[in-house]
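Listed below are the residues making up each chain.
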Amino acid sequence: MKINRGRYLSRLIARKHDGLVKIVTGIRRCGKSFLLFNLFREHLISGGVNSDHIIGVDLETKENVRLRNPNKLFDYIVSRLPDDGKWSYVFIDEIQMCRKVLQPGIKLRDVAPEDRQDAYITFYDILNSLRKKPNVDVYVTGSNSKLLSRDVATNFRDRGVEIRLHPFSFAEYLQATGYADKSEALSAYMTWGGMPMAVMEGDDAARAEYLKNLFSKVYIKDIIERNHLRTDAICESVLDVVSSSVGSLTNPNKLANTINSRGVLKTAEPTVKTYLDYFVDSFLFAKAARYDVRGRKYLLYPNKYYAEDVGLRNARLNFREVEPAYLMENIIYNELVLRGYNVDVGVVDVNRRDDDGKMISCRYEIDFIVNAGFNKVYIQSAYDMFRSGKAEQETRSLKLTGDFFQKIVVEKGYGQLHPDEDGILHVGVIPFLLDTSILDGIIKAAKSSPKRMVDA
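The following paragraphs examine the structure supplied in this document. (Residues numbered from 1 in each chain as written. Predicted model: local features only at pLDDT ≥ 70, side-chain atom pairs only at ≥ 80, totals over all residues. Heavy atoms only, no water.)

**Digging into the pairing of strand S6 (residues 136–141)**
Buried residues dominate S6, accounting for 6 of its 6 residues. Residue alternation in S6 divides its side chains into two sets, Val136, Val138 and Val140 and Asp137, Tyr139 and Thr141, and both sets are buried. Note that strand S1 (residues 21–25) and S6 share 3 bridges and pair parallel. The residue bridging Val24 from the neighbouring strand is Thr141, located in S6. Sheet topology note: the strand S3 (residues 88–93)/S6 ladder contains 5 bridges and is parallel. Its bridge partner being in S6, Ser88 is matched across the sheet by Val136. (Buried < 20%, exposed > 50% of the residue type's maximum accessible area, 1.4 Å probe, protein only. Helix = DSSP H or I, 4+ residues; strand = E, 2+ residues; numbered from the N terminus. Pairing = 2+ DSSP bridges.)

**Focus: the side chain of Thr267**
For Thr267, the position within the fold is in the loop between helix H11 (252–261) and helix H12 (269–281). For Thr267, a relative accessible area of 14% corresponds to the buried category. Leave out the neighbours within four places in its chain, and Thr267 touches Ile234, Ala256, Ile259, Asn260 and Val272. (Contact = heavy atoms within 4.5 Å.)

**Examining the pattern of salt bridges**
Evaluated as defined, the whole model comprises 20 salt bridges. We note a salt bridge from Arg28 to Glu60, for which the minimum N-O separation is 3.8 Å. Linking Arg28 in the loop between S1 and helix H2 (32–46) with Glu60 in the loop between strand S2 (54–58) and helix H3 (70–80), this pair joins segments that are 32 residues apart in sequence. A salt bridge links Asp403 to Lys407, with the nearest nitrogen and oxygen atoms 3.3 Å apart. With respect to burial, Asp403 and Lys407 carry one shared label: buried. If you follow the salt bridges from partner to partner, you end up with Arg15, Asp18, Lys22 and Asp137 in one network. (Salt bridge = Lys/Arg side-chain N within 4 Å of Asp/Glu carboxyl O.)

**With respect to empty space enclosed by the protein**
For the structure shown, the criterion picks out 1 cavity of 30 Å³ or more. Here the largest cavity is characterised by a volume of approximately 30 Å³. Around the largest cavity sit Phe215, Leu284, Phe285, Ala307, Glu308, Asp309, Leu312 and Arg313, which together line it. Of the residues assigned to the lining of the largest cavity, the class counts are 5 nonpolar, no polar and 3 charged. (1 Å grid on protein atoms, 1.4 Å probe; cavity = no way out; pocket = protein on both sides within 12 Å on 5 of 7 lines; lining within 4 Å. Points joined across faces, edges and corners; volume = space filled by probe spheres on them. Nonpolar A, V, L, I, M, F, W, Y, C, P; charged D, E, K, R; others polar.)

**So, the nonpolar core**
With 95 residues, the main nonpolar core has Phe279, Leu336 and Ile379 as its most contacted residues. Counting residues per element, this core draws most heavily on helix H9 (residues 204–226), which supplies 9 residues. Excluding residues that lie within four positions of it along the chain, Phe279 makes contacts with Ile223, Cys235, Val238, Leu239, Val242, Leu284 and Phe285. (Core = buried A, V, L, I, M, F, W, Y, C linked by side-chain atoms within 4.5 Å.)

**Points about the sheet that holds S3**
Reading across the sheet, the 5 strands line up as S2-S3-S6-S1-S7 and stay open at both edges, with parallel pairing between neighbours. Sheet topology places S2 and strand S7 (160–164) at the edges, where each strand pairs with a single neighbour. The average angle at which neighbouring strand axes cross in this sheet is 15 degrees, direction not considered. Examined bridge by bridge, S1 and S7 share 5 bridges and lie parallel to one another. Residue Ile23 lies in a different strand from S7, and its bridge partner there is Glu162. Each of S1, S2, S3 and S6 is contacted by H2, which is oriented at about 165 degrees to S3, the strand it contacts most. Set on the sheet, helix H4 (residues 123–131) makes contact with S1, S3 and S6; between it and S6 the angle comes to about 150 degrees. (Axes fitted to C-alpha atoms, helices over the stretch in contact; angles between N-to-C directions.)

The structure is reproduced here in C-alpha coordinates:
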(Lines give C-alpha, C1' and ligand atoms only; values in the text may rest on other atoms or scores of the structure.)
Protein backbone atom coordinates (compact mmCIF):
# COMPACT_ATOMS: atom_id res chain seq x y z
CA MET A 1 0.00 0.00 0.00
CA LYS A 2 1.27 3.46 -0.90
CA ILE A 3 0.95 6.10 1.82
CA ASN A 4 0.73 9.62 0.42
CA ARG A 5 2.76 11.55 2.95
CA GLY A 6 0.90 14.74 2.28
CA ARG A 7 2.41 16.83 5.09
CA TYR A 8 5.91 16.43 3.67
CA LEU A 9 4.91 16.36 0.02
CA SER A 10 3.24 19.74 0.42
CA ARG A 11 6.47 21.16 1.86
CA LEU A 12 8.41 19.99 -1.18
CA ILE A 13 5.79 21.41 -3.49
CA ALA A 14 5.83 24.75 -1.69
CA ARG A 15 9.60 24.95 -2.18
CA LYS A 16 9.63 24.36 -5.93
CA HIS A 17 11.72 26.84 -7.93
CA ASP A 18 12.83 28.79 -4.84
CA GLY A 19 16.52 28.73 -5.79
CA LEU A 20 17.52 26.64 -2.77
CA VAL A 21 18.72 23.07 -2.42
CA LYS A 22 16.00 21.04 -0.71
CA ILE A 23 17.59 18.60 1.76
CA VAL A 24 15.34 15.81 3.03
CA THR A 25 16.78 14.52 6.31
CA GLY A 26 15.60 12.07 8.93
CA ILE A 27 16.35 8.85 10.68
CA ARG A 28 17.46 6.00 8.44
CA ARG A 29 14.66 3.98 6.81
CA CYS A 30 11.90 6.50 7.54
CA GLY A 31 11.01 6.91 3.85
CA LYS A 32 13.15 9.78 2.52
CA SER A 33 13.91 8.13 -0.82
CA PHE A 34 10.29 7.08 -1.36
CA LEU A 35 9.08 10.61 -0.66
CA LEU A 36 11.39 12.11 -3.24
CA PHE A 37 11.76 9.46 -5.95
CA ASN A 38 8.18 8.18 -5.87
CA LEU A 39 5.70 10.61 -4.37
CA PHE A 40 7.26 13.88 -5.46
CA ARG A 41 8.23 12.49 -8.86
CA GLU A 42 4.62 11.38 -9.43
CA HIS A 43 3.44 14.87 -8.46
CA LEU A 44 5.74 16.46 -11.02
CA ILE A 45 4.73 14.10 -13.82
CA SER A 46 1.03 14.52 -13.05
CA GLY A 47 1.62 18.28 -13.34
CA GLY A 48 2.98 17.94 -16.88
CA VAL A 49 6.72 17.56 -16.28
CA ASN A 50 8.32 15.20 -18.80
CA SER A 51 10.25 12.31 -17.24
CA ASP A 52 13.42 13.32 -19.11
CA HIS A 53 13.36 16.56 -17.11
CA ILE A 54 13.73 14.57 -13.87
CA ILE A 55 17.33 13.44 -13.34
CA GLY A 56 17.60 10.97 -10.49
CA VAL A 57 20.81 9.51 -9.04
CA ASP A 58 20.96 6.95 -6.23
CA LEU A 59 24.50 7.06 -4.87
CA GLU A 60 23.92 3.97 -2.72
CA THR A 61 23.82 1.60 -5.70
CA LYS A 62 26.81 -0.22 -7.14
CA GLU A 63 26.01 1.09 -10.60
CA ASN A 64 26.61 4.65 -9.45
CA VAL A 65 29.83 4.16 -7.50
CA ARG A 66 31.79 6.29 -9.98
CA LEU A 67 29.36 9.15 -9.41
CA ARG A 68 30.46 9.40 -5.79
CA ASN A 69 33.24 11.55 -7.20
CA PRO A 70 31.73 15.07 -7.12
CA ASN A 71 33.29 16.09 -10.43
CA LYS A 72 31.89 13.05 -12.24
CA LEU A 73 28.50 13.49 -10.56
CA PHE A 74 28.35 17.11 -11.68
CA ASP A 75 29.36 16.26 -15.26
CA TYR A 76 26.83 13.43 -15.44
CA ILE A 77 23.94 15.59 -14.28
CA VAL A 78 24.86 18.53 -16.53
CA SER A 79 25.09 16.17 -19.50
CA ARG A 80 21.49 15.09 -18.93
CA LEU A 81 19.96 18.54 -18.48
CA PRO A 82 17.70 19.37 -21.45
CA ASP A 83 18.43 22.67 -23.16
CA ASP A 84 14.87 23.76 -23.88
CA GLY A 85 14.28 26.46 -21.27
CA LYS A 86 11.91 24.30 -19.21
CA TRP A 87 12.41 23.43 -15.56
CA SER A 88 14.50 20.37 -14.78
CA TYR A 89 14.52 18.58 -11.41
CA VAL A 90 17.62 16.93 -9.97
CA PHE A 91 17.15 14.21 -7.33
CA ILE A 92 20.23 12.81 -5.55
CA ASP A 93 19.74 10.05 -3.00
CA GLU A 94 22.24 9.61 -0.14
CA ILE A 95 24.22 12.72 -1.09
CA GLN A 96 26.65 12.18 1.78
CA MET A 97 28.14 9.25 -0.17
CA CYS A 98 29.61 11.74 -2.61
CA ARG A 99 33.16 11.96 -1.27
CA LYS A 100 35.42 14.98 -1.34
CA VAL A 101 38.34 15.14 -3.80
CA LEU A 102 41.34 17.42 -4.03
CA GLN A 103 41.10 20.31 -6.44
CA PRO A 104 43.22 19.79 -9.58
CA GLY A 105 46.82 20.94 -9.27
CA ILE A 106 46.78 21.19 -5.48
CA LYS A 107 49.19 19.25 -3.28
CA LEU A 108 47.89 18.92 0.26
CA ARG A 109 51.37 19.23 1.75
CA ASP A 110 51.58 22.75 0.35
CA VAL A 111 48.36 23.85 2.08
CA ALA A 112 48.30 25.15 5.65
CA PRO A 113 46.36 22.81 7.97
CA GLU A 114 43.75 25.44 8.78
CA ASP A 115 43.04 25.92 5.03
CA ARG A 116 42.94 22.28 3.95
CA GLN A 117 39.18 21.98 3.98
CA ASP A 118 39.12 24.54 1.14
CA ALA A 119 41.50 22.44 -0.92
CA TYR A 120 38.75 19.92 -1.64
CA ILE A 121 35.79 19.81 -3.96
CA THR A 122 32.77 18.50 -2.05
CA PHE A 123 29.15 17.78 -2.79
CA TYR A 124 28.31 21.18 -1.30
CA ASP A 125 30.24 22.77 -4.16
CA ILE A 126 28.46 20.87 -6.90
CA LEU A 127 25.01 21.37 -5.37
CA ASN A 128 25.64 25.09 -5.17
CA SER A 129 26.74 25.11 -8.81
CA LEU A 130 23.68 23.15 -9.92
CA ARG A 131 21.22 25.38 -8.07
CA LYS A 132 22.69 28.44 -9.83
CA LYS A 133 21.93 27.03 -13.26
CA PRO A 134 18.81 28.49 -14.92
CA ASN A 135 15.66 26.42 -14.49
CA VAL A 136 17.32 23.72 -12.39
CA ASP A 137 15.66 22.69 -9.12
CA VAL A 138 17.77 20.52 -6.78
CA TYR A 139 16.59 17.99 -4.19
CA VAL A 140 18.71 15.60 -2.13
CA THR A 141 18.29 13.09 0.67
CA GLY A 142 20.88 12.70 3.41
CA SER A 143 21.61 9.90 5.82
CA ASN A 144 21.67 10.70 9.50
CA SER A 145 25.14 9.13 9.78
CA LYS A 146 26.92 11.85 7.81
CA LEU A 147 24.49 14.66 7.01
CA LEU A 148 22.95 16.15 10.13
CA SER A 149 20.88 19.24 10.75
CA ARG A 150 23.91 21.12 12.00
CA ASP A 151 25.79 20.20 8.80
CA VAL A 152 22.99 21.63 6.72
CA ALA A 153 22.98 24.87 8.69
CA THR A 154 26.77 25.22 8.58
CA ASN A 155 27.58 24.20 5.01
CA PHE A 156 24.51 25.31 3.08
CA ARG A 157 23.83 28.49 5.05
CA ASP A 158 21.26 30.41 2.99
CA ARG A 159 21.64 28.12 -0.03
CA GLY A 160 19.60 25.20 1.24
CA VAL A 161 16.54 24.33 3.29
CA GLU A 162 16.03 21.24 5.43
CA ILE A 163 12.81 19.24 5.24
CA ARG A 164 12.78 16.86 8.19
CA LEU A 165 10.98 13.56 7.64
CA HIS A 166 9.66 11.46 10.52
CA PRO A 167 8.32 7.89 10.76
CA PHE A 168 4.59 7.39 10.21
CA SER A 169 2.31 9.42 12.42
CA PHE A 170 -0.64 7.64 13.99
CA ALA A 171 -2.88 8.94 11.18
CA GLU A 172 -0.49 7.53 8.57
CA TYR A 173 -0.27 4.28 10.52
CA LEU A 174 -4.06 3.94 10.40
CA GLN A 175 -4.02 4.56 6.67
CA ALA A 176 -1.33 1.94 6.16
CA THR A 177 -2.84 -0.76 8.36
CA GLY A 178 -6.56 -0.26 7.84
CA TYR A 179 -7.50 -0.94 11.47
CA ALA A 180 -11.24 -0.56 12.05
CA ASP A 181 -10.84 -0.23 15.82
CA LYS A 182 -8.79 2.90 16.53
CA SER A 183 -8.11 1.90 20.14
CA GLU A 184 -6.68 -1.39 18.94
CA ALA A 185 -4.68 0.51 16.34
CA LEU A 186 -3.22 2.85 18.95
CA SER A 187 -2.21 -0.08 21.12
CA ALA A 188 -0.41 -1.66 18.16
CA TYR A 189 1.19 1.69 17.27
CA MET A 190 2.46 2.04 20.83
CA THR A 191 4.12 -1.35 20.47
CA TRP A 192 5.45 -1.31 16.91
CA GLY A 193 5.76 2.38 16.07
CA GLY A 194 5.72 3.91 12.61
CA MET A 195 8.86 2.85 10.73
CA PRO A 196 7.43 2.20 7.24
CA MET A 197 8.97 -1.23 6.62
CA ALA A 198 7.97 -2.42 10.08
CA VAL A 199 4.41 -1.22 9.53
CA MET A 200 4.17 -3.02 6.19
CA GLU A 201 5.60 -6.27 7.62
CA GLY A 202 2.77 -8.70 8.26
CA ASP A 203 4.45 -10.97 10.81
CA ASP A 204 5.09 -9.74 14.36
CA ALA A 205 8.25 -11.82 14.82
CA ALA A 206 9.71 -10.50 11.56
CA ARG A 207 8.66 -6.97 12.51
CA ALA A 208 10.43 -7.23 15.86
CA GLU A 209 13.56 -8.63 14.25
CA TYR A 210 13.60 -5.84 11.65
CA LEU A 211 13.42 -3.14 14.34
CA LYS A 212 16.14 -4.76 16.43
CA ASN A 213 18.41 -5.05 13.40
CA LEU A 214 17.97 -1.38 12.59
CA PHE A 215 19.63 -0.57 15.88
CA SER A 216 22.40 -3.14 15.80
CA LYS A 217 23.24 -3.13 12.07
CA VAL A 218 22.41 0.44 11.03
CA TYR A 219 22.08 3.07 13.74
CA ILE A 220 24.84 2.01 16.10
CA LYS A 221 27.23 1.45 13.19
CA ASP A 222 26.36 4.90 11.84
CA ILE A 223 27.17 6.52 15.19
CA ILE A 224 30.42 4.57 15.53
CA GLU A 225 31.48 5.49 11.99
CA ARG A 226 30.59 9.17 12.12
CA ASN A 227 32.19 9.81 15.51
CA HIS A 228 35.22 7.54 15.03
CA LEU A 229 34.49 5.48 18.12
CA ARG A 230 36.59 2.47 19.01
CA THR A 231 33.89 0.45 20.76
CA ASP A 232 30.13 0.30 20.91
CA ALA A 233 29.84 -1.08 24.47
CA ILE A 234 29.22 2.29 26.17
CA CYS A 235 27.09 3.41 23.23
CA GLU A 236 24.78 0.44 23.65
CA SER A 237 24.57 0.87 27.42
CA VAL A 238 23.60 4.53 27.13
CA LEU A 239 21.05 3.59 24.46
CA ASP A 240 19.50 1.08 26.86
CA VAL A 241 19.18 3.45 29.80
CA VAL A 242 17.89 6.41 27.81
CA SER A 243 15.39 4.12 26.04
CA SER A 244 14.16 2.98 29.42
CA SER A 245 13.87 6.60 30.59
CA VAL A 246 11.67 8.13 27.86
CA GLY A 247 9.21 10.59 29.34
CA SER A 248 11.10 10.75 32.64
CA LEU A 249 13.21 13.63 33.88
CA THR A 250 16.85 12.65 33.72
CA ASN A 251 20.37 13.95 33.25
CA PRO A 252 23.75 12.53 32.21
CA ASN A 253 24.88 12.02 35.80
CA LYS A 254 21.79 10.00 36.67
CA LEU A 255 22.17 7.87 33.55
CA ALA A 256 25.85 7.30 34.27
CA ASN A 257 25.01 6.16 37.81
CA THR A 258 22.46 3.72 36.41
CA ILE A 259 25.04 2.21 34.06
CA ASN A 260 27.68 1.99 36.80
CA SER A 261 25.24 0.33 39.22
CA ARG A 262 24.96 -2.64 36.90
CA GLY A 263 28.61 -3.44 37.56
CA VAL A 264 29.49 -4.40 33.96
CA LEU A 265 30.82 -1.11 32.59
CA LYS A 266 32.07 2.09 34.16
CA THR A 267 31.42 5.47 32.64
CA ALA A 268 31.19 9.12 33.66
CA GLU A 269 28.79 12.02 33.20
CA PRO A 270 30.76 13.73 30.36
CA THR A 271 30.87 10.50 28.36
CA VAL A 272 27.14 9.94 28.73
CA LYS A 273 26.43 13.54 27.72
CA THR A 274 28.55 13.07 24.60
CA TYR A 275 26.63 9.95 23.61
CA LEU A 276 23.29 11.63 24.25
CA ASP A 277 24.37 14.37 21.87
CA TYR A 278 25.24 11.69 19.29
CA PHE A 279 21.77 10.17 19.62
CA VAL A 280 20.06 13.53 19.21
CA ASP A 281 22.26 14.39 16.21
CA SER A 282 21.33 11.05 14.64
CA PHE A 283 17.59 11.69 15.15
CA LEU A 284 17.22 8.62 17.38
CA PHE A 285 16.07 10.76 20.28
CA ALA A 286 14.94 14.33 20.82
CA LYS A 287 15.80 16.37 23.89
CA ALA A 288 13.02 18.51 25.34
CA ALA A 289 14.32 21.49 27.29
CA ARG A 290 12.65 22.47 30.58
CA TYR A 291 11.12 25.90 30.92
CA ASP A 292 10.32 27.57 34.25
CA VAL A 293 6.84 28.97 33.63
CA ARG A 294 6.81 31.45 36.50
CA GLY A 295 10.50 32.33 36.38
CA ARG A 296 10.37 32.59 32.58
CA LYS A 297 13.73 30.94 32.01
CA TYR A 298 15.15 27.67 30.72
CA LEU A 299 16.68 25.18 33.14
CA LEU A 300 19.85 23.26 32.32
CA TYR A 301 18.93 19.93 33.96
CA PRO A 302 17.13 17.62 34.20
CA ASN A 303 15.57 17.21 30.74
CA LYS A 304 13.38 14.68 29.02
CA TYR A 305 14.38 12.53 26.07
CA TYR A 306 11.82 11.16 23.63
CA ALA A 307 12.35 8.39 21.09
CA GLU A 308 11.92 9.31 17.44
CA ASP A 309 9.95 6.09 17.07
CA VAL A 310 8.41 4.17 19.97
CA GLY A 311 8.68 0.87 18.09
CA LEU A 312 12.44 1.29 17.82
CA ARG A 313 12.57 2.18 21.50
CA ASN A 314 10.58 -0.94 22.42
CA ALA A 315 12.74 -3.14 20.22
CA ARG A 316 15.88 -1.78 21.86
CA LEU A 317 14.47 -3.00 25.20
CA ASN A 318 13.35 -6.32 23.68
CA PHE A 319 9.72 -5.25 24.22
CA ARG A 320 10.10 -5.62 27.99
CA GLU A 321 8.94 -2.13 28.98
CA VAL A 322 5.91 -1.32 26.86
CA GLU A 323 4.36 1.14 29.31
CA PRO A 324 1.30 2.90 27.84
CA ALA A 325 1.54 6.08 29.95
CA TYR A 326 5.10 6.90 28.90
CA LEU A 327 4.57 5.76 25.32
CA MET A 328 1.44 7.89 24.91
CA GLU A 329 3.40 10.90 26.14
CA ASN A 330 6.19 10.10 23.66
CA ILE A 331 3.70 9.78 20.80
CA ILE A 332 2.07 13.11 21.67
CA TYR A 333 5.48 14.79 21.73
CA ASN A 334 6.37 13.35 18.31
CA GLU A 335 3.01 14.45 16.90
CA LEU A 336 3.54 18.02 18.09
CA VAL A 337 7.03 18.13 16.58
CA LEU A 338 6.06 16.71 13.20
CA ARG A 339 3.26 19.28 12.99
CA GLY A 340 5.98 21.90 13.20
CA TYR A 341 5.47 23.19 16.74
CA ASN A 342 8.27 24.24 19.07
CA VAL A 343 7.83 22.15 22.22
CA ASP A 344 9.31 22.49 25.72
CA VAL A 345 8.74 20.68 29.00
CA GLY A 346 7.24 22.94 31.67
CA VAL A 347 7.93 23.36 35.35
CA VAL A 348 6.02 25.44 37.90
CA ASP A 349 7.75 26.39 41.16
CA VAL A 350 5.51 27.47 44.05
CA ASN A 351 5.98 28.04 47.76
CA ARG A 352 3.51 26.57 50.23
CA ARG A 353 3.31 25.70 53.90
CA ASP A 354 3.62 22.10 55.01
CA ASP A 355 1.60 20.48 57.80
CA ASP A 356 3.87 22.09 60.40
CA GLY A 357 3.40 25.56 58.94
CA LYS A 358 6.91 25.66 57.51
CA MET A 359 7.29 27.30 54.09
CA ILE A 360 8.59 24.84 51.50
CA SER A 361 9.27 25.01 47.78
CA CYS A 362 7.36 22.62 45.51
CA ARG A 363 7.93 21.89 41.85
CA TYR A 364 5.18 20.69 39.50
CA GLU A 365 5.63 19.45 35.98
CA ILE A 366 3.77 20.29 32.78
CA ASP A 367 4.38 17.70 30.09
CA PHE A 368 4.46 20.09 27.13
CA ILE A 369 4.50 23.78 26.39
CA VAL A 370 3.60 24.46 22.76
CA ASN A 371 5.07 27.79 21.76
CA ALA A 372 3.03 29.69 19.19
CA GLY A 373 4.50 33.15 18.76
CA PHE A 374 3.57 35.29 21.76
CA ASN A 375 1.15 32.62 22.93
CA LYS A 376 1.52 29.24 24.55
CA VAL A 377 -0.62 26.17 25.04
CA TYR A 378 0.02 23.88 27.99
CA ILE A 379 -0.60 20.17 27.41
CA GLN A 380 -0.71 17.37 29.95
CA SER A 381 -0.62 13.72 28.88
CA ALA A 382 -2.82 11.70 31.26
CA TYR A 383 -3.22 8.05 30.37
CA ASP A 384 -4.74 7.10 33.75
CA MET A 385 -6.82 10.25 34.21
CA PHE A 386 -9.74 8.48 35.87
CA ARG A 387 -7.71 6.65 38.48
CA SER A 388 -8.40 7.85 42.02
CA GLY A 389 -6.66 11.18 42.68
CA LYS A 390 -5.15 11.31 39.19
CA ALA A 391 -7.36 14.12 37.91
CA GLU A 392 -6.21 16.51 40.64
CA GLN A 393 -2.60 15.47 40.15
CA GLU A 394 -2.66 16.04 36.38
CA THR A 395 -4.37 19.44 36.53
CA ARG A 396 -2.61 20.89 39.59
CA SER A 397 0.40 22.21 37.68
CA LEU A 398 -1.87 23.71 35.01
CA LYS A 399 -3.85 25.62 37.64
CA LEU A 400 -0.68 26.97 39.24
CA THR A 401 0.81 28.64 36.17
CA GLY A 402 -0.70 32.00 37.11
CA ASP A 403 -1.42 32.96 33.51
CA PHE A 404 -4.29 32.82 31.04
CA PHE A 405 -2.80 30.62 28.36
CA GLN A 406 -4.99 27.73 27.25
CA LYS A 407 -4.51 24.41 29.02
CA ILE A 408 -5.31 20.94 27.68
CA VAL A 409 -5.36 17.48 29.22
CA VAL A 410 -5.03 14.68 26.66
CA GLU A 411 -6.61 11.51 28.04
CA LYS A 412 -6.85 7.90 27.00
CA GLY A 413 -9.71 7.14 24.62
CA TYR A 414 -12.09 8.91 22.26
CA GLY A 415 -13.33 11.81 24.41
CA GLN A 416 -14.31 14.89 22.44
CA LEU A 417 -12.95 18.32 23.31
CA HIS A 418 -14.73 19.81 26.34
CA PRO A 419 -13.86 22.18 29.22
CA ASP A 420 -14.01 21.35 32.91
CA GLU A 421 -15.19 23.70 35.66
CA ASP A 422 -11.75 25.34 35.80
CA GLY A 423 -11.72 26.08 32.07
CA ILE A 424 -9.14 23.37 31.35
CA LEU A 425 -9.89 21.56 28.10
CA HIS A 426 -10.01 17.76 27.98
CA VAL A 427 -9.79 15.60 24.87
CA GLY A 428 -9.14 11.95 24.07
CA VAL A 429 -5.77 11.03 22.63
CA ILE A 430 -7.29 9.44 19.52
CA PRO A 431 -9.13 12.55 18.26
CA PHE A 432 -6.17 14.70 19.35
CA LEU A 433 -3.77 12.69 17.18
CA LEU A 434 -6.10 12.37 14.21
CA ASP A 435 -7.73 15.80 14.04
CA THR A 436 -5.14 18.55 13.56
CA SER A 437 -7.85 21.20 13.70
CA ILE A 438 -8.31 20.67 17.46
CA LEU A 439 -4.96 22.15 18.47
CA ASP A 440 -4.80 24.48 15.47
CA GLY A 441 -8.17 25.93 16.45
CA ILE A 442 -7.10 26.44 20.05
CA ILE A 443 -3.92 28.23 18.96
CA LYS A 444 -5.82 30.37 16.46
CA ALA A 445 -8.28 31.39 19.17
CA ALA A 446 -5.41 32.19 21.54
CA LYS A 447 -3.76 34.44 18.98
CA SER A 448 -6.94 36.48 18.65
CA SER A 449 -7.38 36.91 22.43
CA PRO A 450 -6.14 40.30 23.70
CA LYS A 451 -6.11 38.96 27.27
CA ARG A 452 -3.58 36.29 26.40
CA MET A 453 -1.51 38.66 24.32
CA VAL A 454 -1.16 41.02 27.28
CA ASP A 455 -0.23 38.13 29.57
CA ALA A 456 2.54 37.09 27.16
